[in-house]
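Coordinates in review
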Amino acid sequence: MTYNNPMEKAMITLQPMMSALSLPESVRQLLNPVMNQPFGQFVVDSRQVGQGDVFVLLKSQNATDSLDLEKVAGYLAQVSDKAAFVLSEIDVSAIQSQFMLPIIYLPTIRDFLGSLIQTSLQQQHPTKLPAVIAVTGTNGKTTVSQLVAQLISQSGIKTAVMGTAGNGVLGEKGAPNLTPSTHTTLEVFNLQHAIDDFAKQDVQALAIEASSHGLHQQRLQGVPVNVAIFTNLSRDHLDYHTDMDDYAQAKARLFDKAHFPTLTHAIINLDDEFSELMIEAANASHLTVWTYSLTNDQADFFAKTILPSLQGGDLTIALSKAVTPQGELTVNSPLLGRFNVANLLASIAGAFALSQSAAMGLSVAQIQAAVPTLRGATGRMDRVPSTSSCFIVDYAHTPDALEQVLTSLKSHCTGELWAVFGCGGDRDKGKRPLMAQAGLRLADKVILTADNPRSEDPNAILNDMQAGMTCQQHYQAIIEPDRQKAIEYAVQHAKPNDIVVIAGKGHETYQEIKGVRHDFDDKVMVKNAIDKFGK
């Protein structure tokens, strides 16, 4: 994130911002001492505070971190001769006398920080913010956000996308032009500045991934979300969330108008066991709820017929009268896999909903014409060209996602189905044997290897994955800690009718080992191996 030059900033005050903010009276009272103090901008990184900025001091979101007032004092010392004042989520009364600048203690600042930053940016340079579609779920967020952005963009509406695979404005014919992202959902400061930057580029629509971390930590507070999409929920991030219920409740925040007052529509996957929770949250907020399904013909978007192939598939989608009187939509999809049919339904529903919510005028004919031109997200069911076997790179890094990928490809495989995958270090250890079992249950050949081991020993992770494996399963699996060697082995030994899936890292261009990110791109490794072995 590029911070503005302090000399170029227009100084503003909090007073004129108050009418645009719905702040509790108690918060307004706390802000009174600095209400008319001129400042440049809000900054959350003490190293980036310029002369006249407001430093926002936030707590660590790492549950294992304890409050270190000595470290906090260091942050305050860093800004003491520059900041106009400080807004602190942390109670610093014990050290406040050391600093000659106003420090306002606001323990609930995350409840309104996004709105505060957004309003200050609007005060300095008024813009029309884009209409926003936010996508949440364990799997499919990246694909759905990119697909819905492409559908809208193909209709001539300037569109941007933000998420795991990167952030940026879509180019001609919906081609993504993305810069790498530090998080699936950016921290609140960077997120608000990015949306403001898109607005200055006249972006009219934005599709954004809403991670459970981002929702729980209120990074999306203040984002003008019109349409919220729920894809699915399966085991992931239980190193952060206490249990699946806590994980689900974090996702359900996206459908609550108390958190997102601009919400009008909710798009819910009726095939997921957590759909009822999301529908209840949406109904409680009196949203227009549209559902989609591969199996339930009562859904508003129902995949009536699916004719799949390794090139994509032909679909007939039944549409409820609540959506359109047209009744049916027939499309040719270039996306591989049955789960991508669900992703496409979510994307089409999201495009229709945003058109209705923001009066964008998308037609059924425009959607129908755009579907065959869609491009799957990088590293999601991404086929690497080969003259013999079929090689697929996919981001599947949960048991459910791996199962869906392998199940979708198994029906097309006339040879043997291979799965090459591992598990990330410093993450939920409980899913490691579940990942291995998902692969062993569905693939004919399995190679267990390293993913991003981070601070852990790759062999220790592989040992965790093998917990509970039978003798037959040990015979079925190859253990190769070196990911490059694992990929090369699969490519070398795959026969002409085999399908090889390299899962877990997808779009990533690095492998993180002991705090260092080494250059590593699964697609590049597969291509090099194909060239090496003449495949």
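Residues numbered from 1 in each chain as written. Predicted model: local features only at pLDDT ≥ 70, side-chain atom pairs only at ≥ 80, totals over all residues. Heavy atoms only, no water.

Brief notes about the packing of aromatic side chains
For the record, the criterion: Two rings from Phe, Tyr or Trp (for Trp, the six-membered ring) form a pair when their centres are within 6.5 Å of each other. A pair whose planes differ by under 30 degrees is stacked, one over 60 is edge-to-face, and the rest are tilted. Note on exposure labels: buried denotes an accessible area under 20% of the residue type's maximum, exposed denotes more than 50%, and partly exposed covers the range between, all computed with a 1.4 Å probe on protein chains only.
One pass over the full model with this rule turns up five aromatic pairs. For the pair F39 and F42, a centre-to-centre distance of 5.0 Å together with 50° between the ring planes defines the contact as tilted. Assigned by exposure class, F39 and F42 land together as buried. Taken together, the ring pairs in this structure connect F39, F42 and F85 into an aromatic cluster.

Quick word on the packing of helix 3 (residues 113-124) against helix 5 (residues 188-200)
Each pair of packed helices gets described by two things: the angle between the helix axes and the distance between those axes. Quick note on the threshold: A fitted line through C-alpha atoms represents every axis, and for helices the fit uses only the stretch in contact; the resulting angles, taken between N-to-C directions, go from 0 to 180 degrees. Helix and strand labels come from DSSP, where a helix needs a run of H or I of at least four residues and a strand needs a run of E of at least two; each type is numbered from the N terminus. Handedness of a helix crossing follows the sense of rotation of the near helix relative to the far helix, less than a right angle counterclockwise being left-handed and clockwise being right-handed. Contact definition: two residues touch when any of their heavy atoms are within 4.5 Å. Residues are grouped as follows: Ala, Val, Leu, Ile, Met, Phe, Trp, Tyr, Cys and Pro are nonpolar; Asp, Glu, Lys and Arg are charged; all remaining types, including Gly, are polar.
Look at helix 3 against helix 5: their axes get within 9 Å of each other, and the N-to-C directions meet at 35°. Considering how the two elements wind past one another, helix 3 and helix 5 form a crossing that is right-handed. Where helix 3 approaches helix 5, its residues L113, G114, I117, Q118, L121 and Q122 are matched on the opposing element by V188, F189, Q192, H193 and D196. A per-class count over the contact of helix 3 with helix 5 returns five nonpolar, five polar and one charged.

Observations regarding the nonpolar core
Going by this rule: Buried residues of nine kinds, namely Ala, Val, Leu, Ile, Met, Phe, Trp, Tyr and Cys, make up a nonpolar core once their side-chain atoms join them within 4.5 Å.
Of all hydrophobic cores here, the largest spans 47 residues; its most connected members are I152, F301, I348 and I367. For this core, the element with the highest residue contribution is helix 9 (residues 338-357), accounting for 11 residues. Non-local contacts of I152, meaning those with residues more than four positions away in its chain, are made with I133, I157, T159, A205, A351, L354 and L362. Membership of the second largest hydrophobic core comes to 35 residues, among which are V132, A134, A194 and L215.

Let's talk about helix 4 (residues 141-153)
Basically, it comes down to this: What a helix should span is 1.5 Å times the count of its residues minus one.
Here helix 4 spans 18 Å end to end across 13 residues, near enough to the 18 Å set by a 1.5 Å rise per residue. Counting buried positions over the 13 residues of helix 4 gives 13, a clear majority of the element.

Observations regarding the pattern of salt bridges
To keep things clear, this is the line we draw: When a carboxyl oxygen of Asp or Glu is within 4 Å of a side-chain nitrogen of Lys or Arg, the pair counts as a salt bridge.
Using the criterion set out here, one finds 15 salt bridges in the structure. The salt bridge involving E416 is made with K445; its shortest N-O contact spans 3.3 Å. One end of the pair, E416, is in the loop between helix 11 (399-410) and strand 17 (417-421); the other, K445, is in strand 18 (residues 445-448), with 29 residues separating them in the sequence. For E416, a relative accessible area of 26% puts it in the partly exposed group. On the basis of relative accessibility, which here comes to 27%, the residue K445 falls in the partly exposed class. Note that K527 is salt-bridged to D531, the shortest N-O span being 3.3 Å. Linking K527 with D531, this pair stays in helix 16 (residues 522-533), spanning four residues, or about one helical turn.

Observations regarding the environment of I367
With respect to the helices and strands, the residue I367 is situated in helix 10 (residues 364-370). Put simply, I367 and D246 are 121 residues apart on the chain and 36 Å apart in space, counted from C-alpha to C-alpha. Beyond its immediate chain neighbours, meaning those up to four positions away, I367 contacts L151, L329, I348, A351, F352 and L362.

Remarks on the packing of helix 11 against helix 12 (residues 432-442)
The line we're drawing: Roughly parallel refers to an angle under 35 degrees, roughly antiparallel to one over 145, roughly perpendicular to one between 65 and 115, and oblique to any angle outside these ranges.
Closest axis-to-axis distance for the helix 11/helix 12 pair is 9 Å, and the angle between their directions is 10°. Classified by the angle between their axes, helix 11 and helix 12 sit roughly parallel to one another. Taking contact as the criterion, the partners of P399, L402, E403, L406, T407 and K410 in helix 11 are, on helix 12, L434, M435, A438, G439, R441 and L442.

Quick look at the sheet that holds strand 10 (residues 265-269)
For clarity, the threshold we go by: Paired strands, in this sense, are two strands between which DSSP finds at least two bridges.
Reading across from one edge, 7-6-8-5-9-10-11-12-13-14 is the order of the 10 strands in this open sheet, with mixed pairing throughout. Looking along the sheet, the strands with just one partner apiece sit at the ends: strand 7 (166-169) and strand 14 (328-333). Strand-to-strand twist of the sheet, defined as the mean angle between neighbouring strand axes without regard to direction, takes the value 15°.

Quick word on the environment of V144
Tracing the chain through its elements places V144 in helix 4. Overall, V144 belongs to the buried group, its relative accessible area being 0%. For V144 and A207, which are 63 residues apart along the polypeptide, the C-alpha to C-alpha distance reads 8.8 Å. Other than its neighbours up to four places away in sequence, V144 contacts V135, I229, T231, N343, A346 and S347.

So, the pairing of strand 3 (residues 85-88)
Two faces, one strand: in a regular strand the side chains alternate between the faces of the sheet. Residue alternation in strand 3 divides its side chains into two sets, F85 and L87 and V86 and S88, and both sets are buried. Inspection of the sheet shows strand 2 (residues 54-57) paired to strand 3 by four bridges, in the parallel sense. Each residue of the ladder has a partner; that of V54, found in strand 3, is F85. Note: strand 3 against strand 4 (residues 103-105), three bridges, orientation parallel. In the strand pairing of strand 4, S88 is matched with Y105.

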